[in-house]
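The primary structure of each chain is shown beneath.
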Amino acid sequence: MKNGILSVQTLRNEIMASALLATAAITLCAIIAALISTVSSDSFAVTSLLLGDKRKGTTSIKFLCVLICFLVAFMCNIQSVRYYSHVSFLVSIPIGPCAPGLSPEYVNKAIVRGGQFWSIGLRAFYFSFPLFFWLFGPIPMFISSVILTVLLHFLDTAKEFKQT
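Residues numbered from 1 in each chain as written. Predicted model: local features only at pLDDT ≥ 70, side-chain atom pairs only at ≥ 80, totals over all residues. Heavy atoms only, no water.

Asks: Looking at this structure, I do not really get the overall build of the chain. What am I missing?
Replies: Scanning the chain for helices and strands turns up five helices and zero strands. Secondary structure of the chain in N-to-C order comes out as α-α-α-α-α. For the chain, the proportion of its 164 residues judged to be buried stands at 28%. In the chain, the share of contacts with a sequence separation of at least 24, taken over all contacts with a separation of at least 6, comes to 74%. (Helix = DSSP H or I, 4+ residues; strand = E, 2+ residues; numbered from the N terminus. Buried < 20%, exposed > 50% of the residue type's maximum accessible area, 1.4 Å probe, protein only. Contact = heavy atoms within 4.5 Å.)

This is how it looks when you write it as structure tokens:
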């Protein structure tokens, strides 16, 4: 019985985390959309070398790229909530003639799909950092891209575990 409670609590936590990230993404989208309409690139007083192209159209394109990144994060996190909510219903249905077609493999696929959307949504948040630094120019974008690449390398590569 404890394992059942643990799995339901884990699903609830995943739903809450995905909903929080989706809310953060859509809030940032709204802020960026407001900035697109009000920012003039003349307000930045930094050299052209650091900022790169400072024309208003280019600045709007940069903001639009960040906006699209956050919209992708929002959509992926919403899909993650969808799959995890579906799984939370499926785990309470007994397998048998009452639920034809329901199998542990089907539930597992739904959990994996929710995890995949969670991962893609989180990656979109990670990817937004270099795009955000692109607003300040190509040099900050390059530096943040290198830092993100190194960070993701250490997060994604599993170290060898020594079994005893």
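Asks: Looking at this structure, I do not really get the packing of helix α4 (residues 104-134) against helix α5 (residues 138-156). What am I missing?
Replies: Helix-helix packing is characterised by the crossing angle of the two axes and by the distance between the axes. Taken N-terminus to C-terminus, the directions of α4 and α5 make an angle of 160°; their axes are 7 Å apart at the nearest point. If you check the angle between α4 and α5, you find them roughly antiparallel. As α4 packs across α5, the resulting crossing turns out to be right-handed. On the side of α4, the interface is formed by R123, Y126, F127, F129, P130, F133 and W134, while α5 contributes P140, M141, S144, S145, L148, L152, L155 and D156. Taken together, the residues of the contact of α4 with α5 sort by class into eleven nonpolar, two polar and two charged. (Axes fitted to C-alpha atoms, helices over the stretch in contact; angles between N-to-C directions. Parallel < 35°, antiparallel > 145°, perpendicular 65-115°, else oblique. Left-handed = near helix turned anticlockwise from the far one by under 90°. Nonpolar A, V, L, I, M, F, W, Y, C, P; charged D, E, K, R; others polar.)

Asks: When you look at the packing of aromatic side chains in this model, what are you seeing that I'm missing?
Replies: Here a ring pair, both rings aromatic, is described through the centre-centre distance and the interplanar angle of the planes. Scanning the model with the defined rule gives five aromatic pairs in all. Taking 5.8 Å as the distance between ring centres and 65° as the angle between the ring planes, the aromatic pair formed by F132 and F133 counts as edge-to-face. Take F133: its relative accessible area is 32%, and that puts it in the partly exposed class. Three or more aromatic residues joined by ring pairs make a cluster, and in this case those are F132, F133 and F136. Looking at R82, its charged tip hangs above the ring of Y83, at a distance of 4.9 Å from the centre. (Phe/Tyr/Trp six-rings, centres within 6.5 Å; stacked < 30°, edge-to-face > 60°. Lys NZ or Arg CZ within 6 Å of the ring centre and 35° of its normal.)

Asks: Where do I start with the side chain of S128 in this structure?
Replies: Here S128 is to be found in helix α4. The class for S128 is buried, based on a relative accessible area of 5%. Those residues in contact with S128, other than ones at most four positions away along the chain, are C69 and F70.

Asks: Which parts of the structure should I look at to understand the packing of helix α3 (residues 56-90) against α4?
Replies: It is at 8 Å that the axes of α3 and α4 come closest, and there the two elements cross at 160°. It follows from the interaxial angle that α3 and α4 lie roughly antiparallel. Every pair of crossing elements has a handedness; the one defined by α3 and α4 is left-handed. Classifying every residue of the contact of α3 with α4 gives 24 nonpolar, eight polar and two charged.

Asks: Explanation requested: the side chain of S18 in the structure shown.
Replies: Mapped onto the fold, S18 is located in helix α1 (residues 2-38). Judged by its relative accessible area of 0%, S18 is buried. In contact with S18, other than residues within four places in its own chain, are N77, S80, V81, Y84 and W118.

Asks: Hey, could you run me through the pattern of salt bridges in this one?
Replies: Side chains bearing opposite charge may pair, as long as their charged atoms lie close to each other. All chains considered together, the criterion is met by one salt bridge. We note a salt bridge from R123 to D156, for which the minimum N-O separation is 2.7 Å. Separated by 33 residues along the polypeptide, R123 in helix α4 and D156 in helix α5 bring together distant segments of the chain. A residue is classified by how much of its surface remains accessible, and R123, at 34% relative accessible area, is partly exposed. With a relative accessible area of 46%, D156 lands in the partly exposed category. (Salt bridge = Lys/Arg side-chain N within 4 Å of Asp/Glu carboxyl O.)

Asks: Even after reading the chapter, I still don't get the state of the cysteines, so can you show me in this structure?
Replies: Here, the word disulfide means a covalent bond between the sulfur atoms of two cysteines. Scanning the model with the defined rule gives zero disulfides in all. The structure places no disulfide on C65, whose sulfur is separated from the nearest cysteine sulfur, that of C69, by 9.3 Å. In this structure C69 is not part of a disulfide, and its nearest cysteine sulfur, from C29, lies 9.0 Å away. (Disulfide = S-S within 2.5 Å.)

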